[in-house]
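Residue-level listing of the chains:
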Amino acid sequence: MPGEPWSSGVRRGPDGALTVAGVDVRDLAVAQGTPAYVLDEADLRERARSYRRAFEAAFAEVGAGVDVYYAGKAFLSVAVARWVHAEGLRVDTATGGELAVALRAGVPGEHIGLHGNNKSDAEIARALDAGVGRIIVDSLVEVERVAAASRARGGAPAPVMIRVTTGVHAGGHEYISTAHEDQKFGLSLATDGRVATGAGSQTEDSPAMTALLAVLAHPELELLGIHSHIGSQILDPSGFEVAARKVLELRAALAQRTGFLVPEVDLGGGYGIAYLPGEVALDPDRIAKDVAASVAASSADLGTPLPRFSIEPGRAIVGPAGLTLYTVGTVKPVRVGGPDDEAESTIVRTYVSIDGGMSDNIRPALYGADYHAELANRLSDAEPVLARVVGKHCESGDIVVHDVLLPGDVRAGDLLAVAATGAYGRSMASNYNHVPRPPVVAVTDGEARVLVRRETEDDLLALDQG
Ligand SMILES: Cc1ncc(COP(=O)(O)O)c(C=O)c1O
Ligand SMILES: N[C@@H](CCCC[NH3+])C(=O)O
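Scope of this entry: the structure provided in the associated data block. Predicted model only: the values in this text are computed from it and were never measured.

## Some thoughts on the overall build of the chain
Moving on, step 1. Per the secondary structure count, the chain includes 12 helices and 21 strands.
Moving on, step 2. What you see for the chain is a C-alpha radius of gyration of 24 Å, in line with the 23 Å of a compact globule of 466 residues.
Moving on, step 3. Dimensions of the chain, computed from C-alpha atoms along their principal axes, come out at roughly 75 × 50 × 45 Å.
Moving on, step 4. By sequence separation, contacts in the chain at least 24 residues apart represent 69% of the contacts at least 6 residues apart.
Moving on, step 5. In the structure as shown, the chain presents an accessible area of about 18,900 Å², 51% of it carried by carbon and sulfur atoms.
Moving on, step 6. For the chain, the centre of its 42 positive side-chain charges and the centre of its 62 negative side-chain charges are spaced 4 Å apart.

Next comes the structure, spelled out in structure tokens:
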């Protein structure tokens, strides 16, 4: 330490305690309590900058422009939206709630995109009223719904992208892979026997082509682009190139059919990070160069000029910048294997219970995700034990770290830090067992500042109408 999977501001202080951006975690625990999400601002901003610079440089090299949208679903607060926007990123939102946060942060509407497979009329209306730069349409019915909302406003045509599913399946877990056919997102590129309803065609069209034609048939809509997101926590980048090729083929086919060349292609997010020591995150420079070269080659093959591109990284910007700080409570050795009568071959796992759990990090329970933890308030030379870090919830799957070596003298009152929890931790947190959600505390140049305050029991009781 430091090094992956920790944020770049993590160090061991002279007495062995962790510091983040110059803030001692023991002071943080006293001032903010635990559990607490700790966000290293400089690290987050640097990742935002490096993605933007890498993609701008690589795409400029092949003659294309690119915009980087931060995927707010990973974690969005007003401050984070401001930081990423100040670093030249735009903001991708998935709901009216995320849109509200981006707008509160002062991100201009034209720098915001709105996603969602089931947008409400209110969300569509709010996006149009805010003048969002793009609504990413997820179904054929939504083409009509956005067109009707745009018509009702009578202003400029609403800028839309069509989200397509390319069949490319990438990412760590089925639930976070989003471009295979049998799931709820987007419109398939595969022809499935349906006949196009747009442009008087007699040929069978894919749902994706049908939707593009439907958008073109609506004067209230401006067909801005085609969108593809293939999954999340992707460590093998070849899927991005295959998916991009399929989208560019669709764009060329539409141009051949209608003469309209879609101006933008969004390649989605999904860039994988390191969660464990020894894991290697995708390198933005490498991936940007490879994808840019590949889309340039595909466009040349297809004989179409390059579109403008965009990408939507979430996890890669905020994930490694965050850690969660917990206080250890019960420590319990449990015999988990080996014949009962042969003590020397028995495996003992030490269950280390912390004061949070699946309510602040659902990813291990939901995806089997692995995390890394370290003793944070001190160093110890005690013999390591095989530990499982578990939460306080009434659920045996309430595991935060499946397997980790911790010093054998780990005890109640110690602090544990779990690395790389910045993405999809707070944003997927719940109140299971009426546990209030932890605060998000930013650390910058030796100072700590609360971005999202800790929930209280009063907050929970205030919702209960008796
Ligand atoms: C459409 C879209 N864009 C961007 C993202 C962000 O993905 P990640 O956080 O893996 O970069 C997601 C989530 O997987 C998504 O569904
Ligand atoms: N929530 C997922 C990532 C997003 C899934 C699809 N948009 C995770 O924690 O990995």
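## Let's talk about the sheet that holds strand E2 (residues 18-20)
Moving on, step 1. Ordered by their spatial adjacency, three strands build an open sheet running E1-E2-E3, and the pairing between neighbours is antiparallel. Of all the strands in the sheet, the pair left with one neighbour each is strand E1 (10-12) and strand E3 (23-24).

## Observations regarding the site of ligand 2
Moving on, step 1. Neighbouring ligand 2 are seven residues, the closest being Arg315, Arg363, Tyr367, Tyr424 and Met428.
Moving on, step 2. Arg315 places a side-chain nitrogen or oxygen 2.6 Å from an oxygen atom of ligand 2.
Moving on, step 3. The separation between a nitrogen atom of ligand 2 and a polar side-chain atom of Tyr367 is 2.9 Å.
Moving on, step 4. When isolated, ligand 2 has an accessible area of 310 Å², and the protein chains bury 87% of it.

## A closer look at the packing of helix H7 (residues 207-216) against helix H8 (residues 238-258)
Moving on, step 1. At a closest axis distance of 11 Å, the pairing of H7 and H8 adopts a crossing angle of 50 degrees. Between H7 and H8, the crossing angle belongs to the class labelled oblique. Handedness of the crossing formed by H7 with H8: right-handed. In contact with Ala208, Met209, Leu212, Leu213 and Leu216 of H7, H8 contributes Leu250, Ala253, Leu254, Arg257 and Thr258.
Moving on, step 2. Here the residues of the contact of H7 with H8 are counted per class, giving eight nonpolar, one polar and one charged.

## Describing the site of ligand 1
Moving on, step 1. Around ligand 1, a shell composed of 16 residues is seen, among which Ser232, Gly270, Glu312, Arg315 and Tyr424 lie nearest.
Moving on, step 2. Contact between ligand 1 and Glu312: a nitrogen atom at 2.6 Å from a side-chain N or O atom of the residue.
Moving on, step 3. One of the backbone N or O atoms of Gly314 is found 2.9 Å from an oxygen atom in ligand 1.
Moving on, step 4. Contact with the protein chains covers 94% of the free accessible surface of ligand 1, which is 390 Å².
Moving on, step 5. For the shell around ligand 1, the class distribution of residues is four nonpolar, seven polar and five charged.

## What to know about the environment of Ala122
Moving on, step 1. Mapped onto the fold, Ala122 is located in helix H5 (residues 121-129).
Moving on, step 2. Taking C-alpha positions, Ala122 is 39 Å from Tyr326, a pair spaced 204 residues apart along the chain.

## A closer look at the pairing of strand E9 (residues 158-165)
Put simply, side chains in a regular strand alternate between the two faces of the sheet.
Moving on, step 1. Within E9, eight of the eight residues are buried, leaving the element largely enclosed by the surrounding structure.
Moving on, step 2. Side chains Ala158, Val160, Ile162 and Val164 project from E9 onto one buried face, and the interleaved Pro159, Met161, Arg163 and Thr165 project onto a second face that is buried too.
Moving on, step 3. After leaving strand E8 (residues 134-137), the chain enters helix H6 (residues 140-153) and then returns to the sheet as E9, a path that is right-handed.
Moving on, step 4. Pairing of E9 with strand E11 (residues 221-228), which is carried by seven bridges, proceeds in the parallel orientation. Bridging across to E11, Pro159 finds its partner in Glu222.
Moving on, step 5. In the sheet, E9 pairs with strand E10 (residues 187-188) via two bridges, with the strands oriented parallel. Paired with Thr165 across the strands is Ser188, a residue of E10.

## A short note on the nonpolar core
Moving on, step 1. With 126 residues, the main nonpolar core has Leu39, Phe55, Phe59, Tyr70, Ile162 and Leu325 as its most contacted residues.
Moving on, step 2. Excluding residues that lie within four positions of it along the chain, Tyr70 makes contacts with Phe75, Leu76, Val80, Val84, Leu89, Arg90, Val91, Asp92, Pro313, Gly314, Ile317 and Val318.

## Overview of the side chain of Gln233
Moving on, step 1. Examined against the element boundaries, Gln233 turns out to sit in the loop between E11 and H8.
Moving on, step 2. Note on Gln233: relative accessible area 11%, which makes it buried.
Moving on, step 3. Within the structure, Gln233 has its side chain in polar contact with the backbone oxygen of Ile273 (distance 2.9 Å).

## Section: the pattern of salt bridges
Moving on, step 1. Enumeration according to the criterion identifies 28 salt bridges in this entry.
Moving on, step 2. With a shortest N-O distance of 3.8 Å, Arg90 and Asp67 are connected by a salt bridge. With Arg90 in strand E6 (residues 90-93) and Asp67 in strand E5 (residues 66-71), this residue pair connects regions lying 23 residues apart in the sequence.
Moving on, step 3. Under the relative-accessibility criterion, Arg90 is labelled partly exposed at 22%.
Moving on, step 4. With relative accessibility at 10%, the residue Asp67 sits in the buried group.
Moving on, step 5. For the salt bridge of Arg134 with Glu264, the shortest nitrogen-to-oxygen distance reads 2.9 Å. Of the two residues, Arg134 sits in strand E8 while Glu264 sits in strand E12 (residues 264-266), which places them 130 residues apart along the sequence.
Moving on, step 6. When salt bridges that share partners are traced, they join Glu41, Arg45, Glu46, Arg49 and Glu87 into one network.

About the cut-offs
- Residues numbered from 1 in each chain as written.
- Chains lettered and ligands numbered in written order.
- Predicted model: local features only at pLDDT ≥ 70, side-chain atom pairs only at ≥ 80, totals over all residues.
- Heavy atoms only, no water.
- Helix = DSSP H or I, 4+ residues; strand = E, 2+ residues; numbered from the N terminus.
- Rg over C-alpha atoms; globule rule 2.2 N^0.38 Å.
- Contact = heavy atoms within 4.5 Å.
- Areas by Shrake-Rupley, 256 points an atom, 1.4 Å probe, with all protein chains shown as cover.
- Lys, Arg positive; Asp, Glu negative; His and termini not counted.
- Charge placed at Lys NZ, Arg CZ, Asp CG, Glu CD.
- Pairing = 2+ DSSP bridges.
- Near = heavy atom within 4 Å.
- Polar contact = N/O pair within 3.5 Å; in protein donor to acceptor, adjacent residues only side chain to side chain.
- Axes fitted to C-alpha atoms, helices over the stretch in contact; angles between N-to-C directions.
- Parallel < 35°, antiparallel > 145°, perpendicular 65-115°, else oblique.
- Left-handed = near helix turned anticlockwise from the far one by under 90°.
- Nonpolar A, V, L, I, M, F, W, Y, C, P; charged D, E, K, R; others polar.
- Buried < 20%, exposed > 50% of the residue type's maximum accessible area, 1.4 Å probe, protein only.
- Right-handed = clockwise from strand over helix to strand, strands pointing away.
- Core = buried A, V, L, I, M, F, W, Y, C linked by side-chain atoms within 4.5 Å.
- Salt bridge = Lys/Arg side-chain N within 4 Å of Asp/Glu carboxyl O.

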